[in-house]
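Structure assessment
Each chain, written out:
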Amino acid sequence: AMVAPDIYDGRLIATEFFWFTRPGYRRGVQPVRLIRAYEAWAEGKGVKPTDVRMASIDGVNDEQIGRLYRALGYRPLERQWGKEA
């Protein structure tokens, strides 16, 4: 993750690039604890809770990730596109 000024208005935003939870820990509280630790880290860097961003890979556990993020108060913001090599 990183904290940087937003390109549109300069406010600080935290952007998560990836996170990983071992398969045996994915159904418990571990993923939530990991996300909460990231949120606390971002807040410690001066980022407001509304400016913390989470990523997901399109087509990889979309429903599960969507349910988790929504349950934690997140909503979809944008989508990125890339070309095949």
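Up top is the structure these notes are about.
Reference entry: report on the structure contained in this document. (Residues numbered from 1 in each chain as written. Predicted model: local features only at pLDDT ≥ 70, side-chain atom pairs only at ≥ 80, totals over all residues. Heavy atoms only, no water.)

**Let's talk about the sheet that holds strand β3 (residues 52-53)**
Pairing between the strands of a sheet comes from backbone hydrogen bonds, and it takes one of two forms, parallel or antiparallel. This is how the line gets drawn: Any two strands with at least two DSSP bridges between them are considered paired. Helix and strand assignments follow DSSP, with helices taken as H or I runs no shorter than four residues and strands as E runs no shorter than two, numbered in order from the N terminus.
Pairing within the open sheet is mixed, and its 3 strands lie in the order β1-β2-β3. At either end of the open sheet lies a strand with only one pairing partner, and these are β1 (2-5) and β3. One ladder, built from 2 bridges, connects strand β2 (residues 12-15) with β3; its direction is parallel. What sits directly across from Thr 15, in β3, is Arg 53.

**Quick word on the environment of Ala 4**
What counts is decided by this rule: Note on contacts: a residue pair qualifies if any of its non-hydrogen atoms lie within 4.5 Å across the two residues.
Tracing the backbone through its elements, the reader meets Ala 4 in strand β1. For the pair Ala 4 and Ala 85, spaced 81 residues apart in the sequence, the C-alpha separation amounts to 29 Å. The residues contacting Ala 4, other than those within four sequence positions of it, are Arg 11, Leu 12 and Ile 13.

**Re helix α1 (residues 30-44)**
Convention followed: Helix span is expected to be 1.5 Å times the residue number reduced by one. Burial classes follow relative accessibility: with a 1.4 Å probe on protein chains only, a residue under 20% of its type's maximum area counts as buried, one over 50% as exposed, and anything between as partly exposed. To be clear, the arc concerns the directions from the helix axis to the C-beta atoms.
The end-to-end C-alpha separation of α1 is 21 Å, in line with the 21 Å expected for 15 residues at 1.5 Å each. Turning to α1, its buried residues are Pro 31, Ile 35, Tyr 38, Glu 39 and Ala 42. Down the axis, α1 shows its buried residues gathered within 100° of arc, on one side only. In α1, the exposed positions that point more than 90 degrees away from the buried face belong to Arg 33, Glu 43 and Gly 44. For α1, the elements touching its buried residues are β2, β3 and α2 (62-71). Following α1 by one or two positions, Gly 46 adopts a phi angle in the positive range, close to 95°.

No statement about biological role is implied by the geometric values presented.
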